[in-house]
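Here's the letter readout for the chains.
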Amino acid sequence: MNPELADFVGECQRRLSASLAIASCTGATGRGAPHYPAAMPSLAALTAAANYSLAHGGKRIRPLLCWAAAHALGTTDLALATAPATALELVHTYSLVHDDLPAMDDDDLRRGRPSLHKAFDEATAVLVGDGLQARAFEIISDAPGLDDHQKLKMIRVLSTAAGLHGMVGGQFMDIRATDSELDLAHLQAMHGLKTAALIRAALALGGVAAGGSQSQLEALDAYGRHIGLAFQVVDDILDVEGDTGTLGKTRGKDGQANKPTYVKLLGLDGAKAEAQRLLETALAALADFATTADHLRQLARYIVERDH
Ligand code: IPE
Ligand code: IPE
Ligand code: MG
Ligand code: MG
Ligand code: MG
């Protein structure tokens, strides 16, 4: 990672850690927390489980993209996008907690530690996922520095991206397509929903936080659509080529479960070429942006070149 991006990422990570601690009700003294009696003893295990899912590991790509999108449009005050960045990580983490459940991918390892349903139990994992999702919208509703119109727009974008015609729809297609062959159009549609929808939302939320124009939001969306797809293509590649220790999740699960993936359809070289093509298209969508969009450009490269 180049040093300038590393500085930006470091600053975003610090802000996110603080706001996620509040989100899981463990940072009980921060803004947004007072109406949560952190010491409510009967909820201590639920709070601990929510915190377990949020506090460790994770590349935080969606929040970073949200902050980088706001930066691309000239926003220098990162605080303006903290609420949507946090909400994105909450929805994403919920999706991972549910994705790992025995009824879904049945994965025991996540972010280098036992999956939530292993460390706690399945009912707790279901409830933590549900709770994180709801908390995301609560956090946007309470966001300081955003007007009601911006908040409503963010809630609309994020709920659509997370819902039946967004991430959840894609997860449903993924589960239903297990053990079957998908053609490229169907695979693209599935990945577009299960993964790219939330990544597109990250760009949109950053754009709304920055008060972007329609044409700026459209350019960010084109970038998000392509880099979002590339993200899942690389995830499919890493399932074959990655290393369990580095990935923090068990390598080879897609093959074992006979999931339809880009690698299965196009082969490793074909999937890598597709990731490159998507990267170039994503970068082209930023052609009219100045150097303020360099973080987005660098994050795009990181998404395609990453090893975990
Ligand atoms: C994994 O997402 C699930 C997919 C959508 C491919 P990430 O690779 O962003 O997972 P973390 O947040 O870094 O653990
Ligand atoms: C999950 O895709 C996408 C989600 C919406 C969580 P995967 O099932 O490929 O994600 P990993 O590989 O388990 O992280
Ligand atoms: Mg899955
Ligand atoms: Mg999975
Ligand atoms: Mg995967």
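The shown structure was predicted, so the numbers you read here are calculated from the model rather than taken from an experiment.

K.L.:
Even after reading the chapter, I still don't get the overall build of the chain, so can you show me in this structure?
P.N.:
Scanning the chain for helices and strands turns up 14 helices and 2 strands. On C-alpha atoms alone, the chain measures out to a radius of gyration of 18 Å, which is about the 19 Å that the 2.2 N^0.38 rule sets for 308 residues. Here the C-alpha coordinates of the chain stretch approximately 50 × 50 × 35 Å along the principal axes. When burial is assessed residue by residue, the chain has 46% of its 308 residues classed as buried. For the chain, the proportion of contacts with a sequence separation of at least 24, taken over those separated by at least 6, is 72%.

K.L.:
Hey, could you run me through the site of ligand 2 in this one?
P.N.:
Close contacts around ligand 2 come from Ser95, Leu96, Asp99, Asp105, Asp107, Met167, Gln171, Lys194, Thr195, Asp235 and Lys249, and that covers them all. When contributions to the shell around ligand 2 are tallied by element, the ones reaching two or more residues are helix H4 (82-99), helix H8 (167-177) and helix H9 (184-209). Of the residues forming the shell around ligand 2, the biggest block, 3 residues, is contributed by H4. Looking at the shell around ligand 2, its residues break down into 2 nonpolar, 3 polar and 6 charged.

K.L.:
Mind showing me how you'd approach helix H7 (residues 148-162) here?
P.N.:
Each full turn of the α-helix corresponds to 3.6 residues, which orients residues three or four apart in the same direction. End to end, H7 covers 21 Å across 15 residues, agreeing with the expected 21 Å (1.5 Å per residue, within 8%). Those residues of H7 lying buried are Gln150, Met154, Val157, Leu158, Ala161 and Ala162. Viewed along the axis of H7, the buried residues span an arc of 120°, placing them on a single side of the element. Exposed positions of H7 whose direction lies more than 90 degrees from the buried face are Asp148, His149 and Arg156. For H7, the elements touching its buried residues are H4, helix H6 (122-141), H8 and H9.

K.L.:
Just to check I follow, could you spell out the site of ligand 1 for this structure?
P.N.:
Neighbouring ligand 1 are the residues Gly57, Gly58, Lys59, Ile61, His92, Arg111, Thr195, Gln232 and Asp235. When grouped by side-chain class, the residues that make up the shell around ligand 1 number 1 nonpolar, 5 polar and 3 charged.

K.L.:
What's the story with the environment of Ala257 in this structure? I'm lost.
P.N.:
Residue position: Ala257 is located in the loop between helix H12 (253-256) and helix H13 (262-284). Between the C-alpha atom of Ala257 and that of Asp106, which follows or precedes it by 151 residues, the distance is 9.5 Å. Here Ala257 is in contact with Asp105 and Thr178, once residues within four sequence places are set aside.

K.L.:
Which parts of the structure should I look at to understand the nonpolar core?
P.N.:
Soluble globular proteins tend to bury their nonpolar side chains together. Judged by nonpolar contacts, the single largest core of 85 residues is most densely connected at Leu205 and Ala230. Broken down by element, the residue count for this core peaks at 14 residues, all from H9. Residues within four places of Leu205 in sequence aside, it is in contact with Cys66, Pro84, Leu88, Met154, Val157 and Leu158.

K.L.:
I would appreciate a short explanation of the environment of Gly166 in the present structure.
P.N.:
Note that Gly166 resides in the loop between H7 and H8. Each C-alpha atom, one on Gly166 and one on Met190, is 9.5 Å from the other, the two residues being 24 residues apart in sequence. Excluding residues that lie within four positions of it along the chain, Gly166 makes contacts with Thr160, Ala161, Leu193 and Ala197.

K.L.:
What is the right way to look at the confidence of the model for the chain in this model?
P.N.:
The predicted coordinates ought not to be read in detail in places where the model reports low pLDDT. Across the chain, the average pLDDT comes to 94, with 95% of residues at 70 or higher. Predicted confidence for residues 28-34 stays below pLDDT 50, and this span has 12 contacts to residues more than four positions away or in other chains.

K.L.:
Would you take a moment to explain helix H14 (residues 294-305) for this structure?
P.N.:
In this model H14 runs 16 Å from its N-terminal to its C-terminal C-alpha over 12 residues, within 8% of the 16 Å that 1.5 Å per residue would give. Those residues of H14 that are buried are in contact with helix H1 (3-23), helix H3 (61-72), helix H10 (214-241) and H13.

K.L.:
I keep staring at the environment of Leu96 and nothing clicks. Help me out?
P.N.:
With respect to the helices and strands, the residue Leu96 is situated in helix H4. When the C-alpha positions of Leu96 and Arg111 are compared, they lie 9.9 Å apart, and in sequence the two are 15 residues distant.

K.L.:
What should I look at first to understand unusual backbone geometry in this one?
P.N.:
If a residue is not glycine, its phi is most likely negative; likewise, a peptide bond is most likely trans. Located in the positive-phi region is Arg60, a residue other than glycine, with phi close to 60°. As for its placement among the helices and strands, Arg60 is situated in the loop between helix H2 (44-55) and H3. Of note, the phi angle at Asn258 is positive, near 55°, even though the residue is not glycine. If you trace the backbone, Asn258 turns up in the loop between H12 and H13.

So, how was this worked out
Residues numbered from 1 in each chain as written. Chains lettered and ligands numbered in written order. Predicted model: local features only at pLDDT ≥ 70, side-chain atom pairs only at ≥ 80, totals over all residues. Helix = DSSP H or I, 4+ residues; strand = E, 2+ residues; numbered from the N terminus. Rg over C-alpha atoms; globule rule 2.2 N^0.38 Å. Buried ≥ 20, exposed ≤ 12 C-beta atoms within 10 Å, placed from the backbone. Contact = placed C-beta atoms within 7 Å. Near = placed C-beta within 6 Å. Nonpolar A, V, L, I, M, F, W, Y, C, P; charged D, E, K, R; others polar. Expected span 1.5 Å × (residues − 1). Arc of directions from axis to C-beta. Core = buried A, V, L, I, M, F, W, Y, C linked by C-beta atoms within 7 Å. pLDDT = per-residue confidence, 0-100.

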